[in-house]
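What follows is the residue order along each chain.
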Amino acid sequence: MSTYNIVASTEGSTVVAEYVSAYESGYKRSDAYQSEAELECEFIRLLSEQGYEYLTIHDEKALINNLRHQLELINDYIFSDSEWEQFFTNCIANKNEGIVEKTRKIQTDHVQILHRDNGSTKNIYLIDKKHIHNNRLQVINQYQEDQGNHDTRYDVTILVNGLPLVHVELKRRGVAIREAFNQIKRYQRDGFWAACGLYEYVQIFVISNGTHTKYYSNTTRISHVQEMAGSERRKSKKTSNSFEFTSFWADGNNKAIADLVDFTKTFFAKHTILNILTKYCVFTTESLLLVMRPYQIAATERILSRIVVSSNYKTTGTLQAGGYIWHTTGSGKTLTSFKTVQLACALPDIDKVLFVVDRKDLDYQTMKEYDRFEKGAANSNVSTRILQKQLEDPNTKIIITTIQKLDVFVSRNKSHNVFKQHFVIIFDECHRSQFGEMHDKIVKAFKNYHLFGFTGTPIFAVNASSGGNPLLRTTPQAFGDKLHTYTIVDAINDENVLPFRIDYVNTMKTVEGIKDTQVRAIDRERALESPKRIREIVKYVLDHFDQKTKRNSFYSLKGQRMAGFNSIFAVSSIPMAMKYYVEFKKQLIERRRDLTIATIFSFSANEDDPEDVMPDEGFEPELLDKTSREFLEFAIADYNGMFNTNYDTSSEKFQNYYKDVSTRVKNREVDLLIVVNMFLTGFDATTLNTLWVDKNLKQHGLIQAFSRTNRILNSVKTYGNIVCFRDLQKETDEAVALFGDKEVGSIVLLKGYDAYYHGYDENGKHQPGYTELISELSQDFPLGQEIIGEQNQKDFVRLFGAILRLKNILTAFDDFEGQAILSDRDFQDYQSLYIDIYQTFTKDKAADKENINDDIVFEIELIRQVEINIDYILMLVVKYHESNCNDKNILVAIDKAINSSIQLRSKKELIEDFIESVNISTKVDEDWRKFVHEQKEKDLAEIIDEERLKSEETKKFIDNSFRDGTLKTIGTDIDKIMPPVSRFGGGRAEKKEGIIEKLKKFFEKYFGLV
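Residues numbered from 1 in each chain as written. Predicted model: local features only at pLDDT ≥ 70, side-chain atom pairs only at ≥ 80, totals over all residues. Heavy atoms only, no water.

Draft legend 1. Spatial organisation of a negative patch on the surface. Together, E909, E912, D913 and E916 make up a region of like negative charge exposed at the surface. Here E909 shows up in helix α34 (residues 908-917). (Patch = residues over 30% accessible without salt bridge, like charges linked within 9 Å, V, L, I, M, F, W, Y side chains within 5 Å. Areas by Shrake-Rupley, 256 points an atom, 1.4 Å probe, with all protein chains shown as cover. Salt bridge = Lys/Arg side-chain N within 4 Å of Asp/Glu carboxyl O. Lys, Arg positive; Asp, Glu negative; His and termini not counted. Charge placed at Lys NZ, Arg CZ, Asp CG, Glu CD. Helix = DSSP H or I, 4+ residues; strand = E, 2+ residues; numbered from the N terminus.)

Right, here's the structure in full:
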C-alpha cells in the first residue's frame, strides 16, 4: 500500500468540535455484504490515507528489527549489535516485567538509559511526549503468535516507534461487538505474554464490528482477566475491568462516533491518537491505566485554549479569561480537573494553579484522588498559615485549598505580592456559595488570573435567586462563558451514570372545604410535622427497606460480601430530623429489627429551606440551639456505642464525626443516614441506591440530591431509587428539562410499572414486557423438555436473561407483589436450566465451547442477587425433620433450590450427606454446624495427606482464605505449603496446578458455611 508524508501538522483539538458522518457527507460505500477481511482491508486503507505506514510484518523477528530501526530514527542514534541486545533484553523485553511495568514505561518512564559500548550512557526515548509528531505511526495486520498456549493471529496493530501501543480487533458487521472484546480476552490469556511479550505494551484496545466501535485501556483488559480467574469469579463488582466501561468516541457535542469509518477519521487522526497516548492517559498509583473519555478531553482542552488565548489578548483578570464546565454529577469530574490542573501548570508563564474546594469536603476527597492519580501532584493545606507558605513558595505549583481559607488569606493580606503572579483558579463546584462576598473579594485581590468553574448544576436566570448582587446571580455572571457541556442525559445515554426511578408516596389527604390559601399552607405545614404522619412514613420505610435497597442481593465490596445497598433520608429541618430519628429507633425496637441508623446536622445561617439549593451547614455545632445540640450529642453517643468511637459536638470532634460517617456510609456500614442538607451535594458512595425524601426540592438542589443514588456499582444496581413523601413530580420534570433536555425526560427517569410489566412502544419499536416474555418462555421452552442444540440454548439464555433483567427492575415496585406469574418452584427450575447451560460452556475452556459466550450475556450477577442461602435449606430440613423424615416433597424442594443456586451447587454433596444422617433425634441447627466442622477437617486432612502438604501452614492458609473471602492462588502462598519438589523437572508446575484445583473445590464447598 502507498504511504503519505505529512506536509504540515497542527496541535489542533484532540476531540473534533462537530463531526458530520462520512455517509452524510457523501462517502461512497458498497451496498454488498462485507466480510471481516474486507472490513480489515478498508480500515487499513483509511489509516494509510491518514499517513500511517503499512508494513507486512507477521512474525516477531521482523517486529523486533523494525522496532530497532524506529528507535534509532526517533533518537537519532545507531545501536551497535551488542548495545541493542542488552537494551532490548534489559529495558524492553525484560522477562521479569509484565503489563503493569511496561505500561509504566510508556506512561511515566518513557526515557530509558542505554549503557553504550564505550562505557558512557545515553537517554533513549521510547516515545516523544513533547513533540508528538516526531513519533512514527505504522500499521500491521495478521501478526502471528505461535509461542503462546494456542497459535493466534491478531487483526490490526498500530505501532508507535515500532512498539505495539494500540490493538484493534475487528468482527464483521452483524456480529456482536462483545465478541471482539472476548477475543482479546483469549489473546490476553493465551498469547500477548508469549515470546518477548511485546504485545504487553498495548495501551489501548479498540473493538469494532464496523457498525459500532469502542475503546478501552489495557487495565480494563488485564483486570478483567484477573477478576475472572479462580475464586475471583464470584466478585460482581462493576469496575473498569468490565465490558460496560468500554467507551464510544464522540465529538465536542457528545455525539457518538460509532461507525468504523468515522471512528478512524477522528480517533485515529494522527494528532488525536498521539495526544491520547501522550497526554490523556493517567497511570494511577494503584497501577491502573485510565484513558480519558472524549467529553473529559474536550473540557480540558477548552480550558487550556481559553488560558492561552486570553493570555495572548491580555484579558487576564476578566470574565473573558475564564469560563465554566457543565459536566453532570458522577461523570468523572475529578479526573478531568486533575488533567486540566496538570497541563495548565505546565503552560509557559503560569506561576500557580489553585484548585478550590468547599469546606464540606473535609476529608479532602479531591486531594486523595489527585494523590491516587499522581503521588505528590498537589499540596493541600489544613490552615491559612500553610496556604500562605505554599502561595509564597515558587516551587509549589499546584495547591488545593478551601474557599474559606482563601477568603481568610485575602482578607489578611490585601496587598501581597503573590496577587500579581499569573494564576489559574479552578473552583471544584461553582454553586451559589461562591457567588457572594468571598467570590468578590478573591477576584478583586488577584490581578492576573484565569477563573474556571466545574459544576453539575449551573445557575441560570430561570433558577437564580432574587437576592444578593444582581450582577452575580448566575454561573455565567460569576465565571464567564460555558466552555463545554455534558448533561445528565448525555451521561445516562453513555451509561456513565444510572437513571432514576421515582416513587411518589402520598402521605396527606386534602381537607375538604378549605379555600383560603394561607390557612391551607399553615394547616399543611402542621400536618407535615404531625407525629401520626411521621409514624406512618417510618412504618412505610421499614416495611419496604429490604425491597428498595435490595437486601436479597449479594456482591463483593473491598473483599467483603455485602447484602444489598444503603440509603439516605432527607428531611426539611433539624426538628424533623430529631423526630424521625426517635421514631426509627422506637419502631426498630418494637420490630426487633437490626438496622444501623445515624443522623448528622449542624447550624445553617439560612434558617429557611430554599428548596433549590442546599444551604451551607457549617461545622459549628456550638451555634445550634440548646435542644438541637443536646439531641445531636445523644445521637452521636448512640453512634459511639455502635462503632466503639469517641465523638461529640465539640468543633474538632464533630469534624471527625463527619469524616467517620462519610467513610462508614461508603463502606455500607450505615444502613440509613438521616440528614437535613449535609451529604446531599458532593458526596459519592457507590453503595447508596435509595434516597427517601420528606423535603421540598427543586431545580439544581433536586438534581444534586437525587444524584447521590446513581453511581454505577454492579449489574444489580440498575437505577437510583428515589422515594418521595411529598409530591415533587412537577419539580422533577422541570429540573430534568433544565439540566437535561426538554425532549428526553424519559431517559433520565425510568418508566412506570405497567410499561415494564405489560410492555411499551418507543421510537416505533415495541419493547416486550414481563408478561409477554414469560408467555414466550412457557411456549418455546416448556418445563420438563430438554433444550437441544446450541442455537436453542442461545435463544433460551437471551430470553431468560431478559426476564431476569426485567424482574430485577420490577421487584422494586410495590405492585409486583404476587404478580410473578411463574411459581417459585417453576422459576427455580428455569434458573437451574440457565445455570446448567452457563456451567457447560464455562467449565470446558476449549475454544469451540467458548463460542456461545461471544454474542450472548449470562446474567449471573442477577442470579446471585437472589441466591438461595443455606439458612433457607436448613429451614426446609427442619420441616423434613418435623414430618418425621417422611415428607419426600420437601426433599424435592431442597434439590430444586440447590440446583437453582450457583453458590450451593458446590455444597450439594455435603447437604445431601447431612440430610441422610437426619433422624428423629437430630437437632438440625446444632448438628449441621458440627457435621460441617467434622467434614471440613476430614476433607482437609485428606488433601494434606494425598498431596503431602505442610499441615500447619496449609491450615493457616485455609483459615486466612475463609477470613478474606478468597483463595489466593497468585504469589508464593501455595509454594509455602507445598512439599519439596525440584523447580527444574519433576513436574512442579503440574503438581502446583493439581493442588490449586483441589483447594479451590474444597474452598467452594465450605465457603460461607464456616
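Draft legend 2. Representation of unusual backbone geometry within the structure. The phi dihedral of N161 is positive, around 55 degrees, even though this residue is not glycine. Counting through the fold element by element, N161 comes out in the loop between β5 (152-160) and β6 (163-170). Relative accessible area serves as the criterion here: at 0%, N161 is assigned to the buried category. One non-glycine residue, R668, adopts positive backbone phi at about 60 degrees. With respect to the secondary-structure elements, R668 resides in the loop between α21 (651-666) and β25 (672-675). (Buried < 20%, exposed > 50% of the residue type's maximum accessible area, 1.4 Å probe, protein only.)

Draft legend 3. Region of the structure containing the nonpolar core. Of all hydrophobic cores here, the largest spans 100 residues; its most connected members are F87, I92, F267 and F268. L451, F479, A635 and A705 belong to the second-largest nonpolar core, a separate cluster that totals 98 residues. (Core = buried A, V, L, I, M, F, W, Y, C linked by side-chain atoms within 4.5 Å.)

Draft legend 4. Local environment of the sheet that holds β6. Spatially, the six strands line up as an open sheet ordered β1-β4-β5-β6-β7-β8, and their pairing is mixed. In the strand order of this sheet, the two ends are held by β1 (53-54) and β8 (213-217), each with one partner. Direction of pairing for strand β7 (residues 204-208) relative to β8: antiparallel, over a ladder of five bridges. Considered in β8, the bridge of V206 is made with Y215. Packing against the sheet, helix α2 (residues 60-75) makes contact with β4 (137-145), β5 and β6, and its axis sits at approximately 160 degrees to β4. (Pairing = 2+ DSSP bridges. Contact = heavy atoms within 4.5 Å. Axes fitted to C-alpha atoms, helices over the stretch in contact; angles between N-to-C directions.)

Draft legend 5. Main features of the pattern of salt bridges. Under the counting rule described, the total for this entry stands at 32 salt bridges. Between K586 and E590 there is a salt bridge, and its shortest N-O distance comes to 3.4 Å. Placement of both K586 and E590 in helix α19 (residues 574-591) is noted, with a separation of four residues, approximately one turn of the helix. On the basis of relative accessibility, which here comes to 40%, the residue K586 falls in the partly exposed class. Of the charged contacts, one joins R711 and D684 as a salt bridge, the two residues approaching to 2.5 Å between their closest N and O atoms. Pair noted here: R711 is in the loop between α22 (699-706) and β27 (720-724) and D684 is in the loop between β25 and β26 (688-694), with a separation of 27 residues, a long-range link. The buried category is assigned to R711, whose relative accessible area is 8%. Three or more residues joined by partner-sharing salt bridges are found here, namely E946, E947, K991 and K998.

Draft legend 6. Highlighting the sheet that holds β26. The strand order across the open sheet built from six strands is β20-β27-β26-β23-β25-β24, with neighbouring strands paired in parallel fashion. Since the sheet does not close on itself, it has two edges, and those belong to β20 (500-504) and β24 (597-600), each with one partner. Adjacent strand axes in the sheet meet at a mean angle of 20 degrees, parallel and antiparallel pairs treated alike. Summarising the sheet, strand β23 (residues 566-571) and β25 pair through four bridges and their orientation is parallel. Opposite F569, over in β25, you have I674 as the bridge partner. Along the sheet, α21 makes contact with β23, β24, β25 and β26, crossing β24 at roughly 140 degrees.

Draft legend 7. Structural context of the side chain of S217. Turning to its location among the elements, S217 is positioned in strand β8. In terms of polar contacts, S217 uses its side chain to reach the backbone carbonyl oxygen of L289, at 2.8 Å. Apart from the residues within four sequence positions on either side, S217 is in contact with Q203, F205, L289 and V291. (Polar contact = N/O pair within 3.5 Å; in protein donor to acceptor, adjacent residues only side chain to side chain.)

Draft legend 8. A look at the packing of α19 against helix α20 (residues 626-643). Look at α19 against α20: their axes get within 11 Å of each other, and the N-to-C directions meet at 40 degrees. Two packed elements cross with a definite hand, and for α19 against α20 that hand is left-handed. Mapping the contact onto sequence places I574, M578, Y581, V582 and K585 in α19 and T627, S628, F631, F634, A635, D638 and M642 in α20. Its residues assigned to classes, the contact of α19 with α20 shows eight nonpolar, two polar and two charged. (Left-handed = near helix turned anticlockwise from the far one by under 90°. Nonpolar A, V, L, I, M, F, W, Y, C, P; charged D, E, K, R; others polar.)

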